[in-house]
Amino acid sequence: MLLDFLFLLKRIKVYALVGESGTGKSFRAKLVAQKYGIDLIIDDGLLIQGNRIIAGQSAKKEKTFMAAVKVALFDQKAHRDEVARKLQGEKTRKILILGTSEKMVNKIAARLQLPQPSKIIKIEDISTQEEIEKAIRTRRIEGKHVIPVPSIEIKRNYPLIFYNAIKIFKRKPNGIGPVPRTHEKSVVRPEYSKRGKVEISEAALSQMVIHCVAEKNPDIRIKKMIVRDSGQGYRLVITIDVPYATQLSGNIHDLQQYIIENIERYTSILIEEVNIIIDKIIQ
């Protein structure tokens, strides 16, 4: 059975739609799926097929932002096993994963035993800057999120977070009137959106990085650190001096992983990337 599953995975092509939180990925997901003939969508902990939620649980129902991130990343074994089993039973060839970064979609694919995405689509490639800015304003000011399934699915599964429904009319190529078929998406207001987002300060995050570096190699000196909040995760740029004779390739890569794994383990926040700049080799 395992060999059959592995053979099936070789024929599966994974696509990824990547963009910062609130830029309209879920709103555009169905259009991307139609363009590339994709059967299944993985979005915020849900496995979606057509107009139905067929497995998983929505990150939007969580009461805290940190808990929502864990659900979106399939952090719990029971959750990812449920979705992986459902994927195993589906005779699909194309899957679309939504995420805030390439690292995030790669992690989701690995946890669901899927191949790494072979095609990365950025939200900037399919939306105008004006559309992205409008989506961001809607998210930040009104706390509204989109789930790419009809309202009947959300009302049945997650009635407490349902807010409204949006109907999208796909117009004919000549622009004369809408075609009879429409697509409906659900607008929700997550519990964590109502209560506010939990964030970690730049100072606290910097202190954790300093502690991780000191634990890993006390001879490395941190000269500068930049912390950027993307809305759902953090990106770090660390400038360091390293001792002479340090094996740069392996040791610096290990340091990156050590920082990411420890901060994610103890804070549950998502570290999207850690870029390390070596400024000097010191004696």
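The rules behind these values
Residues numbered from 1 in each chain as written. Predicted model: local features only at pLDDT ≥ 70, side-chain atom pairs only at ≥ 80, totals over all residues. Heavy atoms only, no water. Helix = DSSP H or I, 4+ residues; strand = E, 2+ residues; numbered from the N terminus. Expected span 1.5 Å × (residues − 1). Buried < 20%, exposed > 50% of the residue type's maximum accessible area, 1.4 Å probe, protein only. Arc of directions from axis to C-beta. Contact = heavy atoms within 4.5 Å. Pairing = 2+ DSSP bridges. Axes fitted to C-alpha atoms, helices over the stretch in contact; angles between N-to-C directions. Phe/Tyr/Trp six-rings, centres within 6.5 Å; stacked < 30°, edge-to-face > 60°.

Novice: What is the right way to look at helix 10 (residues 202-216) in this model?
Specialist: The α-helix advances 3.6 residues per turn, and as a result positions three or four apart in sequence lie on the same side. With 15 residues, helix 10 extends 21 Å between its outermost C-alpha atoms, agreeing within 8% with the 21 Å of an ideal straight helix rising 1.5 Å per residue. Every buried residue belonging to helix 10 is among L205, S206, V209, C212 and V213, and all of these are buried. Projection of helix 10 onto a plane perpendicular to its axis shows the buried side chains occupying an angular sector of 120°, all on one side. Looking at the buried side of helix 10, the elements it contacts are strand 10 (221-229), strand 11 (233-243), helix 11 (248-267) and strand 12 (270-282).

Novice: I'm lost on the sheet that holds strand 10 in this one. Help?
Specialist: Sheet strands pair via backbone hydrogen bonds, and the direction of the pair is either parallel or antiparallel. Strand order in the open sheet formed by 3 strands is 10-11-12, and the pairing between neighbours is mixed. Where the open sheet ends on each side, the last strands, each with one partner, are strand 10 and strand 12. Across the sheet, the axes of successive neighbouring strands diverge by a mean angle of 15°, strand direction being ignored. Pairing of strand 10 with strand 11, which is carried by 8 bridges, proceeds in the antiparallel orientation. Within strand 11, the position partnered with D229 by the bridge is Y234. Contacts from helix 10 reach strand 10, strand 11 and strand 12 within the one sheet, and its direction differs from that of strand 10 by about 140°. Its contacts with the sheet place helix 11 against strand 11 and strand 12, and it is angled at close to 145° to strand 12.

Novice: Honestly, the packing of aromatic side chains in this entry has me stumped. Any pointers?
Specialist: To describe a pair of aromatic rings, you give the distance between the ring centres and the angle between the ring planes. Using the criterion set out here, one finds 1 aromatic pair in the structure. Pairing Y15 with Y36 gives two aromatic rings, centres 5.2 Å apart and planes at 40°, and the pair type is tilted. Taken as a pair, Y15 in strand 1 (residues 13-18) and Y36 in helix 2 (residues 25-36) lie far apart in primary sequence, 21 residues in all. Exposure remark for Y36: the relative accessible area of 21% places this residue in the partly exposed category.

Novice: Teacher, can you tell me more about the pairing of strand 1 here?
Specialist: Burial analysis of strand 1 places 5 of its 6 residues in the buried class, which makes it a mostly covered element. Bridging between strand 1 and strand 5 (residues 94-99) involves 6 bridges; their strand directions are parallel. The residue of strand 5 that forms the bridge with Y15 is L96. The sheet contact formed by strand 1 and strand 6 (residues 119-122) spans 4 bridges and is parallel. Its bridge partner being in strand 6, Y15 is matched across the sheet by K119.

Novice: Any chance you could explain the sheet that holds strand 5 here in plain terms?
Specialist: Strand order in the open sheet formed by 6 strands is 4-3-2-5-1-6, and the pairing between neighbours is mixed. Across the chains shown, the open sheet's two edge strands, defined by having one partner strand only, are strand 4 (52-56) and strand 6. Pairwise comparison of adjacent strand axes, ignoring direction, gives a mean angle of 25° for this sheet. Here strand 3 (residues 46-49) runs beside strand 4; their pairing, made up of 4 bridges, is antiparallel. In the strand pairing of strand 4, Q49 is matched with R52. Sitting on the sheet, helix 4 (residues 77-89) is in contact with strand 2 (40-43), strand 3, strand 4 and strand 5, with an inclination near 125° to strand 4. Along the sheet, helix 5 (residues 102-111) makes contact with strand 1, strand 2, strand 5 and strand 6, crossing strand 5 at roughly 130°.

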